[in-house]
Amino acid sequence: MSRYGCAGLIGTAVHYGVMWSLLSLVTPVLATTAGAISGCLSNYVLARTFVFYSPGSVSVTLPRFLAVGVLCILANALVVYLLNGLMPIVPTQLVATICVFLLGFLLN
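Residues numbered from 1 in each chain as written. Predicted model: local features only at pLDDT ≥ 70, side-chain atom pairs only at ≥ 80, totals over all residues. Heavy atoms only, no water.

Caption draft 1: How the structure looks around the overall build of the chain. Secondary structure summary: the chain contains 4 helices and 0 strands in total. Going from N to C terminus, the chain has its helices and strands arranged as α-α-α-α. Relative to its length of 108 residues, the chain is compact, with a C-alpha radius of gyration of 14 Å against a globular reference of 13 Å. Taken over the C-alpha atoms alone, the chain extends approximately 45 × 25 × 25 Å along its principal axes. Counting every position in the chain, which comprises 108 residues, the buried fraction comes to 30%. The contacts of the chain with a sequence gap of at least 6 include a subset with a gap of at least 24, amounting to 62%. (Helix = DSSP H or I, 4+ residues; strand = E, 2+ residues; numbered from the N terminus. Rg over C-alpha atoms; globule rule 2.2 N^0.38 Å. Buried < 20%, exposed > 50% of the residue type's maximum accessible area, 1.4 Å probe, protein only. Contact = heavy atoms within 4.5 Å.)

As structure tokens, this is what we get:
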């Protein structure tokens, strides 16, 4: 469980880091989407190598992981899109993160 939590925190840190580095270059929705994709991929690598032993090939495990990941990335972008301009990006992204966490838990 602690490895799962650490992997999630690292993936979230990757997401926020990529997003933050892109905010001055692109819209908040594009920045958070790039961050979410990066965080999702880092979560996959960490989950496969650090959290769970996965004897299955990447061609089997990656599509399953991405099915949920893509929905969560789209939900994240939608929340940021809807809240953009109503509040600063940090609280907006925190709301999106909470929504995506709950969605991911339900889907998984």
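Caption draft 2: Representation of helix H4 (residues 89–107) in the model. A rise of 1.5 Å per residue sets the reference length of H4, with its 19 residues, at 27 Å; its end C-alpha atoms lie 26 Å apart and thus fit the reference within 8%. Within the span of H4, buried status applies to Ile89, Thr92, Gln93, Ala96, Val100 and Gly104. Looking straight down H4, one finds that the buried residues subtend no more than 95° of arc, so they occupy a single side. Away from its buried face, by an angle of more than 90 degrees, H4 presents the exposed residues Ile98, Phe101, Phe105 and Leu106. The elements touched by buried residues of H4 are helix H1 (2–22), helix H2 (28–51) and helix H3 (58–83). (Expected span 1.5 Å × (residues − 1). Arc of directions from axis to C-beta.)

As far as function goes, none of this settles anything; it's purely spatial.
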